[in-house]
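# Close look at the chain arrangement
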Amino acid sequence: SLSALIERLDDEYFKSLQSIDPHSKDYVLRLQDENILLSLMFKVTKYYEFLKGEGKNLVKIFLRILEHLSRKTDELYNLFAANVRHHTEEEQFLIGSDANTVEWFSIPEELSTFIEKLATYIYKNGDDRSRSRAIICEVYQKAVSGQFYAGRELLLLSHLHESIAHADVSMQILFNRALAELGICGFKKGLFIEAHACLNELFTAGRAKELLA
């Protein structure tokens, strides 16, 4: 199963980052491998799109891609997209495929467009857990890109804060990190009361490190 292989690779990549000193050169080099991993994910999604009827596998991989891209700024995404296009052009030249194949591996110019495309597909075809994670990733990305009110509105409309206490640990951690990023975004914008409202929940209990893992 290609989707299972991709999920395993992603898990192992994350574990390798956890085991490397974040202040070392090895960590920086390993971070650069993320682009290779994402490029591979794109190719596998295009394979499943070509096969048709592989909705479950597409949801799994789209969610992994979404979780990676939600942490990127527009500048980082543009560099990544340029890198993917460069490698794609090289591959097409090497294997001598027709121009139509290049279209399979193309990715949107704007990060916000791509995030919306991935999330929409997951909302339509995923289960409740996948949809919840997609919403949290969208909130996180809006916070990273400075869209405080859009992120807060999406979070409130989802009503996730009402049921997050009953979710699994990884979901709670993702939610808490999105909430923290939203608070930081509000602080950067000078919205101190709103930022305090976001961050207060995390710091009231005095165990912020545990909540953010």
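Nothing here was measured: the structure is a model prediction, and the numbers come from that model.

The rules we used
Residues numbered from 1 in each chain as written. Predicted model: local features only at pLDDT ≥ 70, side-chain atom pairs only at ≥ 80, totals over all residues. Heavy atoms only, no water. Helix = DSSP H or I, 4+ residues; strand = E, 2+ residues; numbered from the N terminus. Rg over C-alpha atoms; globule rule 2.2 N^0.38 Å. Buried < 20%, exposed > 50% of the residue type's maximum accessible area, 1.4 Å probe, protein only. Contact = heavy atoms within 4.5 Å. Salt bridge = Lys/Arg side-chain N within 4 Å of Asp/Glu carboxyl O. Core = buried A, V, L, I, M, F, W, Y, C linked by side-chain atoms within 4.5 Å. pLDDT = per-residue confidence, 0-100. Phe/Tyr/Trp six-rings, centres within 6.5 Å; stacked < 30°, edge-to-face > 60°. Lys NZ or Arg CZ within 6 Å of the ring centre and 35° of its normal. Axes fitted to C-alpha atoms, helices over the stretch in contact; angles between N-to-C directions. Parallel < 35°, antiparallel > 145°, perpendicular 65-115°, else oblique. Left-handed = near helix turned anticlockwise from the far one by under 90°. Nonpolar A, V, L, I, M, F, W, Y, C, P; charged D, E, K, R; others polar.

### Re the overall build of the protein
When you go through the protein residue by residue, the secondary structure sums to twelve helices and zero strands. The helix and strand sequence of the protein, counted from the amino end, reads α-α-α-α-α-α-α-α-α-α-α-α. Computed over its C-alpha atoms, the radius of gyration of the protein comes to 18 Å, within 12% of the 17 Å expected for a compact globule of 213 residues. Counting over 213 residues, the protein shows a buried share of 39%. Here the contacts in the protein between residues at least 6 apart in sequence split such that 65% fall between residues at least 24 apart.

### Some thoughts on the pattern of salt bridges
Close approach of charged atoms allows side chains with opposite charge to pair. Applying the stated criterion across every chain yields a total of eleven salt bridges. Notably, a salt bridge pairs Arg30 with Asp33, separated by 3.0 Å at the nearest N-O pair. One end of the pair is Arg30 and the other is Asp33, both in helix H2 (residues 25-51) and three residues apart, which spans about a single turn. The exposure class of Arg30 is partly exposed, given its relative accessible area of 30%.

### Things to note about the nonpolar core
Ranked by size, the top nonpolar core spans 50 residues in total, and within it Ile65, Leu69, Tyr77, Phe80 and Ile107 carry the most contacts. The residues touching Tyr77, leaving out its near neighbours within four places in the chain, are Leu69, Lys72, Ile107, Pro108, Glu109, Glu110, Leu111 and Phe114.

### Quick word on the confidence of the model for the protein
Model confidence for the protein is summarised by a mean pLDDT of 86, while 90% of its residues fall at 70 or above. By mean pLDDT, the top-scoring element of the protein is helix H1 (residues 2-19) (94), and the lowest-scoring one is helix H5 (residues 99-104) (44). Every residue in residues 93-105 is under pLDDT 50, and counting partners more than four places away or in other chains gives ten contacts.

### Observations regarding unusual backbone geometry
Residue His159 is not a glycine yet carries a positive backbone phi of 60 degrees. Looking at the element boundaries, His159 is found in the loop between helix H8 (148-158) and helix H9 (160-163). Given the relative accessible area of 43%, His159 is considered partly exposed. For Ala213, which is not glycine, the phi torsion reads 55 degrees and is therefore positive. Structurally, the position occupied by Ala213 is in the segment after helix H12 (208-211). Taking the relative accessible area as the measure of exposure, Ala213 reaches 61% and is therefore exposed.

### Brief notes about the packing of aromatic side chains
Across all of its chains, the model carries eight aromatic pairs by this definition. Following the ring pairs from residue to residue traces out a cluster consisting of Phe42, Tyr77, Phe80 and Phe114. The ring centre of Phe80 lies 5.8 Å from the NZ or CZ of Lys72, which sits over that ring.

### Thoughts on the packing of helix H10 (residues 169-188) against helix H11 (residues 192-203)
It is at 8 Å that the axes of H10 and H11 come closest, and there the two elements cross at 155 degrees. Here H10 is positioned roughly antiparallel relative to H11, judged by the angle of their axes. By crossing handedness, the relation of H10 to H11 is classed as left-handed. Contacts between H10 and H11 involve Asn176, Leu179, Ala180, Leu182, Gly183, Gly186 and Phe187 from the first element and Phe192, Ala195, Cys198, Leu199, Glu201 and Leu202 from the second.

### Let's talk about the packing of helix H7 (residues 128-144) against H10
Across the interface, H7 lies against H10 with an axial gap of 8 Å and an inter-helix angle of 20 degrees. On the basis of their axis angle, the class for H7 and H10 is roughly parallel. The two elements H7 and H10 meet at a crossing, and its hand is left-handed. Judged by residue contacts, Arg129, Ser132, Arg133, Ile136, Cys137, Val139, Tyr140, Ala143 and Val144 of H7 engage Ser170, Met171, Leu174, Phe175, Arg177, Ala178, Glu181, Leu182 and Cys185 from H10. Grouping the amino acids of the contact of H7 with H10 by side-chain chemistry returns twelve nonpolar, two polar and four charged.

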